[in-house]
Amino acid sequence: MNAEVRPIKTAAETALATSFAAVKRALPGPAAVGALREDAFRRFETEGLPHRRVEEWKYTDLRALMREAKPLAGLPDAAAKDRAKAALATLAAVDARRIVFVDGTLVPELSDLDRLEAGLTIRSMAQALAAGDRDLLAHLGRLVPTDDVAVALNTAFMGDGALIHVAPGAALAQPIHLVFVNAGGEAVAIFARSLVVIEDGARAMLLESHVGCSDASEHQVNAVLELKVGDAAHVDHVKITGEGAGALHVSTLMAAVGAHARFNEFLFTTGGGIVRNQAFVRFGGEGTVAGIRGATLLKGRQHADTTLVAEHAAAECTSREVFKSVLDDEGRSVFQGKIIVCPRAQKTDAKMATHALLLSDTAEADNKPELEIFADDVQCGHGATSGALDQELLFYLKARGIPAKEAEALLIQAFVGEAVEGIEHAGLRDALIDRVVAWLKARE
Amino acid sequence: MHLLEVKNLHVEVDGKKILNGLDLSIGSGSVHALMGPNGSGKSTLAHVLAGKADYVVTQGEVLLDGEDILALPPEERAAKGLFLAFQYPLEIPGVATMTFLRTALNAQRKQRGEDELSTPEFLKRVRAVAGKLGIEQEMLRRGVNVGFSGGEKKRNEILQMALLQPRLCVLDETDSGLDIDALKIVADGVNALRSPERAFIVITHYQRLLNYIVPDVVHVLSRGRIVKTGDKELALDLEATGYAQYQEEMA
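Predicted model only: the values in this text are computed from it and were never measured.

**Thoughts on the interface of chain B and chain A**
Each partner contributes to the interface: chain B provides 31 residues, whereas chain A provides 16 residues. In terms of surface lost to chain A, no three residues of chain B exceed Lys52(B), Glu75(B) and Leu90(B), which account for 27% of the buried area on that side. The interface formed by chain B and chain A includes two salt bridges. Among the salt bridges present, the one from Lys52(B) reaches Glu392(A), with a minimum N-O distance of 3.0 Å. Joining chain B to chain A, the criterion identifies eleven residue pairs in polar contact (both at pLDDT 80 or more). If you list the elements that add at least two residues to the side of chain B that touches chain A, you get helix H1 (42-50), helix H2 (74-79), strand S6 (82-85), strand S7 (92-96), helix H3 (97-111) and helix H6 (150-164) of chain B. For the side of chain B that touches chain A, the element with the most residues is H3(B), which contributes seven residues. The class makeup of the residues in the side of chain B that touches chain A is 18 nonpolar, nine polar and four charged.

**Quick word on the sheet that holds strand S2 (residues 16-26) of chain B**
Residues and elements named next belong to chain B. In spatial order, the strands read S2-S1-S4-S5; together these four strands make up an open sheet with antiparallel pairing. Edge positions in the sheet fall to S2 and strand S5 (67-68), since each of these pairs with one other strand and no more. Contacting strand S1 (4-13), S2 and strand S4 (55-64), H1 crosses the sheet at an angle of about 110° to S1.

**Focus on the packing of aromatic side chains**
On inspection of all chains with the given rule, the structure shows ten aromatic pairs over all chains. Note on Phe41(A) and Phe44(A): the rings are 5.4 Å apart at their centroids and 50° apart in plane angle, and the pair reads as tilted. Separated by three residues within a single helix, Phe41(A) and Phe44(A) lie in helix H2 (residues 31-47), roughly one turn from each other. Here Phe41(A) matches Phe44(A) in class, with each residue buried. An angle of 50° between the planes, with centres 5.7 Å apart, marks the rings of Phe395(A) and Phe86(B) as tilted. One end of the pair, Phe395(A), is in helix H8 (residues 391-398); the other, Phe86(B), is in the loop between S6 and S7, on a second chain. Taken together, the ring pairs in this structure connect Phe20(A), Phe41(A), Phe44(A), Phe157(A) and Phe191(A) into an aromatic cluster.

**With respect to the pairing of strand S5 (residues 176-182) of chain A**
The side chains of a regular strand alternate, first on one face of the sheet and then on the other. Residue and element names in this part refer to chain A. Of all the seven residues making up S5, seven are buried; the element is thus mostly covered by neighbouring parts of the structure. Where S5 meets strand S7 (residues 203-212), seven bridges bridge the pair, whose relative direction is parallel. Its bridge partner lying in S7, Ile-176 is registered against Leu-206.

**Regarding the pairing of S1(B)**
All names here are of chain B. Of the strand pairs in this sheet, S1 and S2 are connected by eight bridges, and their pairing is antiparallel. Along S2, the bridge assignment pairs His-10 with Asn-20. If you look at the hairpin formed by S1 and S2, you'll find two residues sitting between the two strands, and Asp-14 has a positive phi there, around 50°.

**Considerations on the pattern of salt bridges**
Under the defined criterion, the tally for this structure stands at 40 salt bridges over all chains. Its salt-bridge partner being Asp349(A), residue Lys351(A) comes within 3.1 Å of it at the nearest N-O pair. When its relative accessible area of 19% is taken as the criterion, Asp349(A) is described as buried. Its salt-bridge partner being Arg142(B), residue Glu138(B) comes within 3.3 Å of it at the nearest N-O pair. Looking at Glu138(B), the relative accessible area reads 41%, which means it is partly exposed.

**Points about the packing of H2(A) against helix H7 (residues 149-157) of chain A**
Residues and elements named next belong to chain A. Contact geometry of H2 with H7 gives a least axis separation of 7 Å together with a crossing angle of 140°. With respect to H7, the element H2 is oriented oblique. At the point where H2 passes H7, the crossing takes the left-handed sense. Contacts between H2 and H7 involve Leu-36, Arg-37, Ala-40, Phe-41, Arg-43, Phe-44 and Glu-47 on the former and, on the latter, Val-149, Ala-152, Leu-153, Thr-155, Ala-156 and Phe-157. Here the residues of the contact of H2 with H7 sort into nine nonpolar, one polar and three charged.

**Quick notes on unusual backbone geometry**
All names here are of chain A. Here the phi dihedral of His-260 falls at roughly 50°; this positive angle occurs in a residue that is not glycine. Here His-260 is to be found in the loop between strand S10 (248-257) and strand S11 (262-269). A relative accessible area of 55% places His-260 in the exposed class.

**Brief notes about a negative patch on the surface**
On the surface, a cluster of negative charge is contributed by Glu406(A), Glu444(A), Asp115(B) and Glu116(B). Relative to the helices and strands, Glu116(B) is located in the loop between H3 and helix H4 (119-132). By relative accessible area, which is 55% here, Glu116(B) ends up exposed.

**Considering the confidence of the model for chain B**
Averaged over all residues, the pLDDT of chain B equals 92, while 98% of them reach at least 70. In the predicted complex, the global pTM is 0.91; the interface-specific ipTM is 0.96.

**With respect to the environment of Asn8(B)**
Residues and elements named next belong to chain B. By secondary structure assignment, the location of Asn-8 is in strand S1. Taking the relative accessible area as the measure of exposure, Asn-8 reaches 32% and is therefore partly exposed. Distance in space between the C-alpha atoms of Asn-8 and Leu-24 is 8.7 Å, their sequence separation being 16 residues.

**A word on helix H7 (residues 180-193) of chain B**
Residue and element names in this part refer to chain B. Between the first and last C-alpha of H7 there are 20 Å, a value that for 14 residues agrees with the 20 Å anticipated at 1.5 Å per step. Packed against the buried residues of H7 are H6, strand S9 (168-172), strand S10 (199-204) and helix H8 (208-212). Two or three places before Asp-181, at the start of H7, stands the capping residue Asp-179, its side-chain oxygen 3.2 Å from that residue's backbone nitrogen.

**Notes on the sheet that holds S6(B)**
Residue and element names in this part refer to chain B. The six strands are arranged S6-S9-S10-S3-S11-S12 in an open sheet whose pairing can be described as mixed. With partners counted over all chains shown, the strands left at the sheet margins are S6 and strand S12 (225-230), one partner each. Along the sheet, successive strands turn relative to each other by an average axial angle of 20°, direction set aside. In the sheet, strand S11 (residues 217-222) pairs with S12 via five bridges, with the strands oriented antiparallel. In the sheet register, Leu-221 faces S12, and the bridge partner there is Ile-226. Lying over the sheet, H6 contacts S6, S9 and S10, oriented at roughly 170° with respect to S6.

About the thresholds
Residues numbered from 1 in each chain as written. Chains lettered and ligands numbered in written order. Predicted model: local features only at pLDDT ≥ 70, side-chain atom pairs only at ≥ 80, totals over all residues. Heavy atoms only, no water. Contact = heavy atoms within 4.5 Å. Buried area = accessible area lost by both parts, 1.4 Å probe. Salt bridge = Lys/Arg side-chain N within 4 Å of Asp/Glu carboxyl O. Polar contact = N/O pair within 3.5 Å; in protein donor to acceptor, adjacent residues only side chain to side chain. Helix = DSSP H or I, 4+ residues; strand = E, 2+ residues; numbered from the N terminus. Nonpolar A, V, L, I, M, F, W, Y, C, P; charged D, E, K, R; others polar. Pairing = 2+ DSSP bridges. Axes fitted to C-alpha atoms, helices over the stretch in contact; angles between N-to-C directions. Phe/Tyr/Trp six-rings, centres within 6.5 Å; stacked < 30°, edge-to-face > 60°. Buried < 20%, exposed > 50% of the residue type's maximum accessible area, 1.4 Å probe, protein only. Parallel < 35°, antiparallel > 145°, perpendicular 65-115°, else oblique. Left-handed = near helix turned anticlockwise from the far one by under 90°. Patch = residues over 30% accessible without salt bridge, like charges linked within 9 Å, V, L, I, M, F, W, Y side chains within 5 Å. Areas by Shrake-Rupley, 256 points an atom, 1.4 Å probe, with all protein chains shown as cover. Lys, Arg positive; Asp, Glu negative; His and termini not counted. Charge placed at Lys NZ, Arg CZ, Asp CG, Glu CD. pLDDT = per-residue confidence, 0-100. Expected span 1.5 Å × (residues − 1).

Laid out in structure tokens, this is it:
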């Protein structure tokens, strides 16, 4: 027999199917959106939750890790919005236009939706879906098509999120900060979907924070951001995953980058119990320069997986991928990074580095860098290391009078700093360094 | 009381005996040169004084101002005024030299119960000593020793010493890898720090350095013990005759 054997559905898979049948008619969008949802859910039902025998999910066995599916989040009540206010202190030092989502729903009264700069449009994804917005449907799921199951699940259940448009040539002076707050009530599932289109020659900086009001809350987040970076546009996206240790957080970035653009992606993770950050980036036009970087700091039993696919589909693009993880206690980081160089992408210059610093004997780092090169005139490379703090360096610092913990902190900060320095916005760079320092202080 | 007293010091590394009953007394204000062939234990003594792990003291004492420091971690010894200038200063990418200097100085001050230095006062002090050593401001913004030449690294060690104002300075083969111009700059930096409140242990293979840093006392170390002590003339004799006679004496 060579028929595929599908094991019996897990409790979570069954709950998702029951939930989809119950809510699909209430989810926003006309028939065309409903059809997208049905297609996506069928895709999920065929595959089930991804597990360790699926290569892309080998180190993050979602089927085993996701014991149950939480009920879909409802609209936040006044109490939830009140609790969410406390969490808004995040990155308060960075002057940005804040768009706040509580349990996945846009809350206008907590958001800066007034006095938008010229060329900037911000709308609620749920409202645009409900209205069957033609422009939205033209882009949704099409910027970087993927058959990823987590994305399919998001498409099936997608609720609210941000729909942002920046007109050609518009240069936004103020960063836009999408803040996703889990209000910490009953544990719920949140399927956030955002689409950001930055047109040709525009300049924009997008921050995305995920925070929780309660450390223990076992909420489940599946967030998808589709991002279009136009020709000659200059875009930075910084995502901060800072939820409590009870959270299961799966997020996917799908970025289509045009020609002669500048694109900087940064994934900063200190929170969440189980985190999977996926980034699918496609360089579709010539002469683009990009940096895709990240820093992950884990302790306790946190697990964070960064899975990156950077596809060079056009010639003469440069990309630098630098990922650092710092692991204490039983923390585990996974980095899977694949650079694909298509046959026509001659003169590609791509270098990927992933480094893990293990602070305890029980921490674990899995690094899997991959290159798939189909062009013959390229410069590509990758490097991966993992190790402990250098005892010789520590002695040097201690011999100058710096106490052991402080010396360790200095070296760890320097290690993470190499990635964080890639962030162009000085205020944000400092804010992230402050977070690293705070993380280190909490260790002592 | 002597500033430093080393009494009958026995040290092993990986089960191998390196120091075999070393005795050494150093008074404040003096410069002692420690010479000897490779493997005689010079650098081991320097590292044991500074508190490096992996060196096992099986017998003996090391007293700084009469207090046994062997049980203290390296940072506390540093705060008490002990400074080791490394033979091979390490590179610390990502830690700016300025940050490093400031963290070290303030950590020592804190351990001694002193207030942290204000930024202007700190900068003033760094600029003053950096200027004398010919260290550019640009170098201070770079990662510690990153991209520095051998001579620059040694000058950076002297800069740290001048800033931290230790009372016992141990210079571990500070002359290695230096050309004559760099050697003079380093020696001038050391000489400027000579004072009645401070003592130096200058570890070197060669007499050359001692033309520039003139010692009060010269010791010859062989097989983990001091086998001869004299004045600066002893270093000149050694240059002429070599170390062979001392190694034979031990045999």
